[in-house]
Every structure is written in structure tokens, then in C-alpha cells.
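Descriptive analysis of the structure
Chain by chain, the residues:
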Amino acid sequence: MMKLIIFGYFNKPEVRSELDRLRPLLQTQQILKEIDLAEPDQRDHSPADLALVLGGDGTILRAAQYMGYQQMPTLGINLGKLGFLADVKQQEASKVLSHLFSHGFAITEHLMIECTVTGGGARHKMLGLNEMVIHADPPLHLIHIDLSIDQETVATFSGDGLIVSTPIGSTGHNLSAGGPIMRQELAAFVITPICAHALTYRPLVDSADRVLGIALHPGSNPAVISIDGQIQLPVTSEHRVVIRQAPVKFRRVRVPERSYYSTLREKLYWAVQPHEKIERTN
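Residues numbered from 1 in each chain as written. Predicted model: local features only at pLDDT ≥ 70, side-chain atom pairs only at ≥ 80, totals over all residues. Heavy atoms only, no water.

A short note on the overall build of the protein
The cut-off we apply is this: To qualify as a helix, a DSSP run of H or I must reach at least 4 residues; to qualify as a strand, a run of E must reach at least 2; elements of each kind are numbered from the N terminus. Only the C-alpha atoms count toward the radius of gyration. The rule for a globule is 2.2 Å times the residue count to the power 0.38. Exposure classes here rest on a 1.4 Å probe applied to the protein chains alone. A residue is buried below 20% of its type maximum, exposed above 50%, and partly exposed in between. The contact rule is simple, with two residues in contact once any of their heavy atoms fall within 4.5 Å. Two residue types count as positive, namely Lys and Arg, and two as negative, namely Asp and Glu; His and chain ends fall outside the count. Charged groups are reduced to one reference atom each: NZ for lysine, CZ for arginine, CG for aspartic acid, CD for glutamic acid.
Across its full length, the protein holds six helices and 19 strands. Relative to a compact globule of 282 residues, whose C-alpha radius of gyration would be 19 Å, the protein shows 20 Å and is just as compact. Seen through its principal axes, the protein has C-alpha atoms that stretch 60 × 50 × 35 Å. Going through the 282 residues of the protein one by one, you find that 48% of them count as buried. In the protein, once contacts between residues fewer than 6 apart in sequence are set aside, the share between residues at least 24 apart is 69%. When the 27 positive and 29 negative side-chain charges of the protein are each reduced to one mean point, those points stand 4 Å apart.

Things to note about a nonpolar patch on the surface
How we decide: Without a salt bridge and with relative accessible area above 30%, a residue can belong to a patch; like charges are then joined within 9 Å and nonpolar side chains (Val, Leu, Ile, Met, Phe, Trp, Tyr) within 5 Å. The accessible surface values rely on the Shrake-Rupley method and a 1.4 Å probe; as for residues, cover is taken only from the protein chains in view. Only one rule defines a salt bridge in this text: a Lys or Arg side-chain nitrogen within 4 Å of an Asp or Glu carboxyl oxygen.
On the surface, a cluster of nonpolar side chains totalling about 340 Å² of accessible area is made up of Leu175, Ile181, Tyr261 and Trp270. With relative accessibility at 31%, the residue Ile181 sits in the partly exposed group.

Notes on the packing of aromatic side chains
Quick note on the threshold: When two rings of Phe, Tyr or Trp (its six-membered ring) have centres within 6.5 Å they constitute a pair, described as stacked for plane angles under 30 degrees, edge-to-face for angles over 60, and tilted for the intermediate range.
One pass over the full model with this rule turns up five aromatic pairs. Aromatic ring contacts, followed pair by pair, group Phe84, Tyr260, Tyr261 and Trp270 into a single cluster.

Re the side chain of Glu114
For clarity, the cut-off: A 3.5 Å cut-off defines polar contacts: any pair of N or O atoms within that distance qualifies, except that in protein one atom must be a possible hydrogen donor and the other a possible acceptor, and neighbouring residues in sequence count only when both atoms are side-chain atoms.
Within the secondary structure, Glu114 is located in strand β7 (residues 113-119). Despite its burial, Glu114 pairs with no opposite charge; the closest candidate is Lys125, at 4.2 Å N-O. Separated by 2.6 Å, the side chains of Glu114 and Tyr69 make a polar contact. Once you skip the residues sitting within four places of it in the chain, Glu114 turns out to touch Tyr69, Lys125, Met126, Val242, Ile243, Arg244, Ala246 and Pro247.

Some details on the nonpolar core
Heads up, the condition is: For this analysis, a nonpolar core means a set of buried residues of the types Ala, Val, Leu, Ile, Met, Phe, Trp, Tyr and Cys, connected via side-chain atoms within 4.5 Å.
In terms of nonpolar packing, the biggest core is built from 28 residues, with Cys115, Met132, Ile134, Val164, Ile214, Ile225 and Ile243 touching the most fellow members. It is strand β10 (residues 143-149) that provides the largest number of residues to this core, a total of four residues. Ignoring any residue separated from it by four or fewer positions in sequence, one finds Val164 in contact with Ile113, Asn130, Glu131, Met132, Phe189, Val190, Ile191, Leu212, Ile214 and Ile243. Counting residues in each nonpolar core, the second largest holds 24 residues, with Phe7, Leu85, Leu127 and Ala246 among its members.

So, to be careful, I would describe these as geometric facts and stop short of saying anything about function.
What follows is the structure, given as C-alpha cells:
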């Protein structure tokens, strides 16, 4: 019998309805807790065999934030739009869960980032699964960002901001900004400028063993640090940001008969010919 923790925004009717639909099956296992992510954060680190997330990719990112440094094997039932992380379709949820409960499951582990911000008399340490973004603060003036890697000065980027993405996050904000798609099991960071004010800036991929240092260039306009779109922190040129590989990995349940490249084709239409996309849509 598996021990389960269930995450979701239970104030949403579609999430509550799906939980009620799956409850008879879930009750064949041991449900330790149902955690409503819409409620104030009350950490409960009861050990569980499976964290079941009902919602979209944003819900998985929020659940990963909740679990913090005690990540559990995670499976997402997609009730959102894209469902790149929450890759189990609603109509196949019962079949997939029954198989996992009967036969167990394999896990893939994925890089997470640890972002430490110091300055202004404070120190903040944040965990992320997708990315860290430093971007211009409204009214969105140009900002200038100094980047170092292992304490070596690399470049000063001028533009709207900079993304440091994990492989899991490479199909998100990084992809929209022109960055590369990375296989999710890689141990690497991708550094992608946002609307760089120069033709020579290009995304950079480097080993996750590196330590990245980021600071606003003296005299730059203020900016905002965002982690997975879940945490936001204002920064000025007085702050220093250090990004490194987190000491914990995101643990994702591998869904049977599901591959990374099939997900790319199905969700993002990667490498799909235009006529094939039309046929699928219709």
C-alpha cells in the first residue's frame, strides 16, 4: 500500500471534481494528507511514496516549492492547458494510477536551482525547478546585468533581463526567449538574454557544477528576481545573486509508454510538419 499526499488548488471546481472522481481509487492506498495550495503555507513533511498533483504545470511548480528540500516522487494529472510537467491526461488518470499502484513506478531525477540573494541587510535563499529570471521592474526601463561564472567575469548584458534555466525549464520562458531545448535529465544551466540590446548576445549552456554570479551593473535601473513565477523579489545594484545546483533533485514519476520526444511533438509540435499540425488540430 502506497502512502499518498495530494496537492491541488481545491477551490477550483474542476480540481475538486477530479479529486472526487478519483477518490475511490485513491482510497485503496493510504492518503496521508490533502494539501490545498490556495491555503496559507503550512509545511507538512510527512514522508510519502507519491505526491499526486491535480492541476497544470504551474501547480506542479507550486508543489515543488512546497516540498522544498524534501522532494517526493511526483505525478501530475493535467487539468491545465499545456501539461508538459503534468503529463497524465485527465481521461487516462485512472488507468495510469491503477498501473502504478499495482506495479510500482520508476523515477527520473532532475536538476533544481538554489538562488541566494544578499544585500540591503537581508539574505534570501530560494529553490527553483524551472528558472530564475531577473527582469526589468515596471515601467520596464533597460537594465544592465553583470554575469560571472565561478567568479570569472563573463559579460554585461543590456536589455529586458536574463533567464537562468534548468533543463526542465528549457521548454518554458527560455524557449520563448529563443533559448535551446535541453533534454530534461542533463546537468546543465542555460543562460538566455531577454530582448538583448545587441546582435551578438546568444544563449549560453554551461555545466551545473558551475556557480553563477549575477548583479545589476552600477547605475542600472532596479529589477525583479522571479523564481518559477512563484516567488518575486525586488533587487538593486546593491544586491548580489548566486545561483548553483541545489542539493536536492526534483523526482518525477516516469509514466509508462511516454517518452520525452513524443511529449515535445504532442505538446509543442516540435519537428512536426505544418500539414501534420493541421491534421492533428482538426
